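What the coordinates show
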Amino acid sequence: MIDSLSDPLYPAGAYYKKMKNNIVLIILLLLSLVTPIQSLNAQTFSVADRLKGNILLQVESHGEAWYVLPREGKRLYMKSGDDAFTLMRFHSLGITNKDLSGIKIAGTNTVGNLSLTNRLRGYILLQVESQGESWYVHPRTGERHYLPNGAAAYALMRFHSLGISNSDLSTIPIFPPAAAATTPISTTSTYSVTTTQGNTFFVTAGQDGDGSSPHSAWGRLDEIDWSKIKPGDKIQLSGSFYGQSLKVTTGGTADKPVVISGPAVLDGQMKTANGIIASDVSNVIIENFTLRNFTGSGQIKVSHATNISVLNNKIHVTGHGGVHLHNTEKTVVANNIITTPSSTTAQTDGIYSQNSRFNHYRDNHITITNTEPNGHNDGIQIYKDSNGKITGNTITLDNPKKFNSQGIYITESHGTMDVTGNQILAKQTCNSLIALLNIKEGTATLVAENNNVYGGCWGIIKTKNSPRSVIKNNLIRTDRAAANLLWVDKNLPTTNISQNTYIGIDGFYLRGESDKYNWTEWQTTGFDQNSSYNQ
């Protein structure tokens, strides 16, 4: 559940809880006075183009609320306040105090930066260098409105929400397309997978039963009798504390997965390697756990497995990875909250995957604070995977490391790696925030679209030996002077890089290892013809 972000174990929780409160207030108050849209069909531009960044009410139906993404021109359905937050937090933008000052405050005589304002019309902005204050940039006036509380949100919606007819709404594509959603979003802001329910077995620390009921539960994780578990069964662990590993040895079928669910706390007490281990099994759902203080390769480790879902867990990484996948396919890692200590000697990646195929890493919140100087501390690290998707994740590298600190780092992989709709904030690192490097044996193609990345300087988005990669519709920002904004293959087609927005200080671009261009020279070569650059 989103409210669990307030757990004191996770420092980022207070920030995201504040985000939730502000955004949910907006959506819950949408059913206020509505300004109808006039003469849409008389416009030259499409309905979607005209309404980017607006919040719409379906007035001919039941007042359903939709948010039109200002970058994609597609609409997000918001069934409830919690759903709205879950959907919108992955499409809102973090903004620095410096950039925010360039957008005029509504009702004041301040002068804004017109170029910056035009790029951010319709966005919800989060003031990441302060306390996560929320601002809404009016899509038509370009002025920003502060959202301190419910009354302010109500006043804003009274004047600026728009009613829309069913016929006009139908012309705006839905984001994401229904066919693209492999795991549906539930009405409780957590991920769910459709299951066929069998028997439920119970585990409660300290009891001494056969697992058949809450009052006759197994008392330890190693007392679970896996021979009793059949496809479609569920193992329910109470909210007790367990100082053990949980080894999953029985799986289900595609239509009847085995469900293993918390809200239990698994704590390795810095004495045990891995927390939850799923090896040589298929069709298992692991959900709603808190894991911490395991020293091995994964707080959750999945190996030689198929169709595993790792959903809605809170993971504090004290070993190599929060979720570690090895030789695993068709697995979804979604909506997990992953954090690290501020200092530990271990390499701490949020998600680490190796030799895996057709996996999807989506909508996770990963905050890396570890200052360990030598090993990698990446948000998501992929090594020798094939045909993966990394979408909708929020990654913050909140440590002073300049090296070995990447946002999404993909090496020696194959097939297509789809990196879409992620937000990455990393103010200190000099490394790349999105990188696909085929250094020795990889042949993978990067498709990086609709990402919002802030920080880095050695190729904020970077490819190597990937001549068919695509880099489009990204917002790429850095405060570092003379930063290398892109570093791509020399023979990459110019049409494969377009519609990006760059914000930097005398930034430059590299093709291959040595061909260096400033912005004007870069566009002269044919790249980014439909893009913009601003200091």
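Residues numbered from 1 in each chain as written. Predicted model: local features only at pLDDT ≥ 70, side-chain atom pairs only at ≥ 80, totals over all residues. Heavy atoms only, no water.

**Focus on the overall build of the chain**
What the chain contains, in helices and strands, is eight helices and 45 strands. Taken across its 535 residues, the chain has 59% of its residues classed as buried. In the structure as shown, the chain presents an accessible area of about 20500 Å², 51% of it carried by carbon and sulfur atoms. (Helix = DSSP H or I, 4+ residues; strand = E, 2+ residues; numbered from the N terminus. Buried < 20%, exposed > 50% of the residue type's maximum accessible area, 1.4 Å probe, protein only. Areas by Shrake-Rupley, 256 points an atom, 1.4 Å probe, with all protein chains shown as cover.)

**Comments concerning the state of the cysteines**
A covalent bond bridging the sulfur atoms of two cysteines is what the word disulfide describes. Applying the stated criterion across every chain yields a total of zero disulfides. Between C430, a free cysteine, and C457, which holds the nearest cysteine sulfur, the sulfur-to-sulfur gap is 3.0 Å. On the basis of relative accessible area, C430 is assigned to the buried category, the value being 9%. (Disulfide = S-S within 2.5 Å.)

**Here we look at the packing of aromatic side chains**
Summed over the entire model, instances satisfying the criterion amount to ten aromatic pairs. With centroids separated by 5.7 Å and ring planes inclined at 15°, the aromatic side chains of F201 and W218 adopt a geometry described as stacked. Of this pair, F201 sits in strand β10 (residues 200–203) while W218 is found in the loop between β10 and β11 (234–237), placing the two residues 17 residues apart along the sequence. Centre to centre, the rings of Y509 and W519 are 5.8 Å apart; their planes meet at 45°, and the pair counts as tilted. Here Y509 is found in strand β43 (residues 508–511), whereas its partner W519 is found in helix α8 (residues 519–524), with ten residues between them in sequence. In this structure, Y509 and W519 share a single accessibility class: buried. What links up through ring pairs into an aromatic cluster is the set Y502, Y509, Y517, W519, W522, F527 and Y533. Above the plane of the ring of W487 lies K462, whose end atom (NZ or CZ) is 3.8 Å from the centre. When the ring centre of Y454 is taken as origin, the NZ or CZ atom of R477, which lies over that ring, is 4.8 Å away. (Phe/Tyr/Trp six-rings, centres within 6.5 Å; stacked < 30°, edge-to-face > 60°. Lys NZ or Arg CZ within 6 Å of the ring centre and 35° of its normal.)

**Remarks on the side chain of S353**
Mapped onto the fold, S353 is located in strand β25 (residues 349–354). A distance of 2.7 Å separates the side chain of S353 from the side chain of D385, its partner in a polar contact. (Polar contact = N/O pair within 3.5 Å; in protein donor to acceptor, adjacent residues only side chain to side chain.)

**Some details on unusual backbone geometry**
In this model, N293 sits at a positive phi of 65°, which is unusual for a non-glycine residue. Inspection of the secondary structure assignment puts N293 in the loop between β18 (290–292) and β19 (298–303). Phi angles above zero are rare outside glycine, and N404 is one such case at about 55°. Note that N404 resides in the loop between β30 (394–397) and β31 (408–411).

**Remarks on the sheet that holds strand β8 (residues 144–146)**
Reading across from one edge, β5-β6-β7-β8 is the order of the four strands in this open sheet, with mixed pairing throughout. Of all strands in the sheet, those bounded by a partner on one side alone are β5 (93–95) and β8. Strand after strand, the sheet turns through a mean of 35° between neighbouring axes, direction not considered. For β5 and strand β6 (residues 124–127), the ladder comprises three bridges, and the chain directions are parallel. Within β6, the position partnered with I95 by the bridge is Q127. (Pairing = 2+ DSSP bridges. Axes fitted to C-alpha atoms, helices over the stretch in contact; angles between N-to-C directions.)

**Points about empty space enclosed by the protein**
The rolling of a water-molecule-sized probe over the atoms marks out the regions of remaining empty space. Summed over the entire model, instances satisfying the criterion amount to four cavities of 30 Å³ or more. By volume, the largest cavity amounts to about 60 Å³. As for the largest cavity, its lining consists of L93, G94, I95, D99, L116, R119, L120, L125, L475, R477 and I503. Only β5, α5 (114–120) and β39 (475–481) provide two or more residues apiece to the lining of the largest cavity. Of the residues contributing to the lining of the largest cavity, the split by class is seven nonpolar, one polar and three charged. (1 Å grid on protein atoms, 1.4 Å probe; cavity = no way out; pocket = protein on both sides within 12 Å on 5 of 7 lines; lining within 4 Å. Points joined across faces, edges and corners; volume = space filled by probe spheres on them. Nonpolar A, V, L, I, M, F, W, Y, C, P; charged D, E, K, R; others polar.)

**What to know about the pairing of β30**
Side chains T394 and T396 of β30 all project onto a buried face; the interleaved residues I395 and L397 project onto the opposite face, where all are buried too. The pairing of strand β27 (residues 365–368) with β30 spans four bridges and is parallel. Looking at β30, one finds that I368 is bridged to L397. Pairing of β30 with strand β33 (residues 423–426), which is carried by three bridges, proceeds in the parallel orientation.

**Notes on the environment of F403**
Looking at the element boundaries, F403 is found in the loop between β30 and β31. Note on F403: relative accessible area 44%, which makes it partly exposed. On a C-alpha basis, the gap between F403 and H376 in space is 8.3 Å, while along the polypeptide they are 27 residues apart. Not counting chain neighbours up to four residues away, the residues in contact with F403 comprise N431 and W458. (Contact = heavy atoms within 4.5 Å.)

**Some remarks on the sheet that holds strand β44 (residues 515–517)**
Strand-to-strand pairing in sheets goes through backbone hydrogen bonds, with the strands running parallel or antiparallel. Across the sheet, which stays open at both edges, the twelve strands sit in the order β13-β16-β19-β22-β25-β28-β31-β34-β37-β40-β43-β44 with mixed pairing between neighbours. Looking at the sheet topology across the chains shown, the edges are occupied by β13 (246–248) and β44. Shown here is a sheet whose adjacent strand axes are inclined to one another by a mean of 10°, direction ignored. Alignment of strand β34 (residues 434–437) against strand β37 (residues 458–464), held across four bridges, turns out to be parallel.

**Re the environment of R50**
Turning to its location among the elements, R50 is positioned in helix α2 (residues 47–50). Measuring from C-alpha to C-alpha, the distance between R50 and P139 comes to 9.4 Å, with 89 residues separating the pair along the chain.

**Considerations on the environment of L93**
Here L93 shows up in strand β5. When the C-alpha atoms of L93 and Y123 are compared, they prove to be 7.1 Å apart, with 30 residues separating the residues in sequence. L93 has contacts with L120, Y123, I124, L125, L126, Q423, N452 and L475, leaving out every residue within four places of it along the chain.

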